[in-house]
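Listed below, chain by chain, are the residues.
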Amino acid sequence: YGCKDSNPDVVYRHAVRNVLNGLNLAYLLLTEPRWVGKYDDSPETDPGFQMPLRNLEMFRKEYSGVMIGAGGFTPSSSYAAMSGDGSKDEYDALAFGRWFISNPDLPERLKSFHEWKANGGADASQPPPPLNRYERDTFYTQDAEGYIDYPSLEFDQQTPTDNSNKLDYEGMVLG
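Residues numbered from 1 in each chain as written. Predicted model: local features only at pLDDT ≥ 70, side-chain atom pairs only at ≥ 80, totals over all residues. Heavy atoms only, no water.

K.L.:
Looking at this structure, I do not really get the sheet that holds strand β2 (residues 67-70). What am I missing?
P.N.:
By definition, the strands of a sheet pair up through backbone hydrogen bonds, in either a parallel or an antiparallel sense. In spatial order, the strands read β1-β2-β3; together these three strands make up an open sheet with parallel pairing. The open sheet is flanked by β1 (28-31) and β3 (93-95), the only strands paired with a single partner. Each strand axis lies, on average, 30° off the axis of its neighbour in the sheet, ignoring direction. Pairing between β1 and β2: four bridges, direction parallel. Of the residues in β2, the one forming a bridge with Thr-31 is Ala-70. (Pairing = 2+ DSSP bridges. Helix = DSSP H or I, 4+ residues; strand = E, 2+ residues; numbered from the N terminus. Axes fitted to C-alpha atoms, helices over the stretch in contact; angles between N-to-C directions.)

In C-alpha cells:
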C-alpha cells in the first residue's frame with residue numbers, strides 16, 4: 001500500500017525474527033502474495049493458484065510461534081502447506097476466503113481431500129468432493145445469491161446431479 005523498501009525480505013525477516021518472536025503473540029498471520037487481480041474471476045486461469053508458498057519458505061524458520069497462512073490456497077496447496085512431518089516446514093493453520101464463501105462445508109471438503117491425498121490419491125473410484133466454483137460478482141452484495149445458494153455435501157448426497165460439465169483439478173471445480 002505504497003510502502004517501498006530496497007530490500008523488503010531483509011527488513012521483514014529482521015522484524016519477524018527479532019521483534020515479533022519476542023512479543024508472545026497468539027499467532028502470526030502471513031498472506032501469501034499469490035493473488036493476481038486480473039484473473040480473479042477465473043480459478044481456471046488464475047496463476048496465483050499455482051504460485052509457490054513464498055512466505056512459508058521465508059518465515060517459518062524465523063518465527064517460533066503459531067503461524068497461519070492465507071492467500072490463494074486450494075485443496076492441493078493446503079495439503080502441501082500442512083502435511084509435513086511436524087517439522088517447522090509447514091503452517092500451523094490456514095485461513096480461507098473466496099473458497100469458504102462458495103463452500104459452506106469447506107473444512108469437510110478439505111479433510112476429505114487431505115485424507116485422499118495422504119493415501120496416495122490412488123482410489124479413483126472415491127475421489128474427494130470438488131469445490132464449488134465461486135462467483136466473485138456475488139461477493140458482498142445485499143442479496144442471498146452467492147451466500148446461501150451454494151450446495152453443501154449433505155445436499156449433494158441427497159440430490160442426484162449431473163457433474164459432466166465439471167472438470168476436477170486437484171480438488172477445484174473447473175468449468
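K.L.:
What's the story with the pattern of salt bridges in this structure? I'm lost.
P.N.:
Side-chain pairing between opposite charges can occur once the charged atoms of the two side chains come close. Across all of its chains, the model carries six salt bridges by this definition. Between Arg-54 and Asp-9 there is a salt bridge, with its nearest N and O atoms 2.9 Å apart. Residue Arg-54 is found in helix α2 (residues 54-59), and its partner Asp-9 is found in helix α1 (residues 8-19); the two are separated by 45 residues along the sequence. (Salt bridge = Lys/Arg side-chain N within 4 Å of Asp/Glu carboxyl O.)

K.L.:
Please clarify how the packing of aromatic side chains should be interpreted in this entry.
P.N.:
Any pair of aromatic rings gets described here by the distance separating the centres and the angle formed by the planes. This model, assessed by the stated rule, comprises six aromatic pairs. When the centroid spacing of 6.2 Å and the interplanar angle of 85° are considered together, the rings of Phe-73 and Tyr-91 count as edge-to-face. Of this pair, Phe-73 sits in the loop between β2 and α3 (75-82) while Tyr-91 sits in the loop between α3 and β3, and the two are 18 residues apart along the sequence. Here Phe-73 falls in the buried class, since its relative accessible area comes to 2%. (Phe/Tyr/Trp six-rings, centres within 6.5 Å; stacked < 30°, edge-to-face > 60°. Buried < 20%, exposed > 50% of the residue type's maximum accessible area, 1.4 Å probe, protein only.)

K.L.:
Hey, could you run me through the nonpolar core in this one?
P.N.:
Counting 13 residues, the largest nonpolar core has Leu-30, Phe-59, Met-67, Phe-73, Ala-81 and Tyr-91 as the members making the most contacts within it. Listed by contribution, the elements that provide at least two residues to this core are β1 and α2. Broken down by element, this core gets its largest block of residues, three residues, from α2. The contact partners of Phe-73, leaving out residues within four places of it in the chain, are Glu-32, Arg-34, Phe-49, Leu-53, Ser-78, Ala-81, Tyr-91, Leu-94, Ala-95, Phe-96 and Trp-99. Residues Trp-99, Leu-106, Leu-131 and Tyr-134 belong to the second largest nonpolar core, which totals nine residues. (Core = buried A, V, L, I, M, F, W, Y, C linked by side-chain atoms within 4.5 Å. Contact = heavy atoms within 4.5 Å.)

Note that every value here comes from positions in space, so none of it alone points to a role or purpose.
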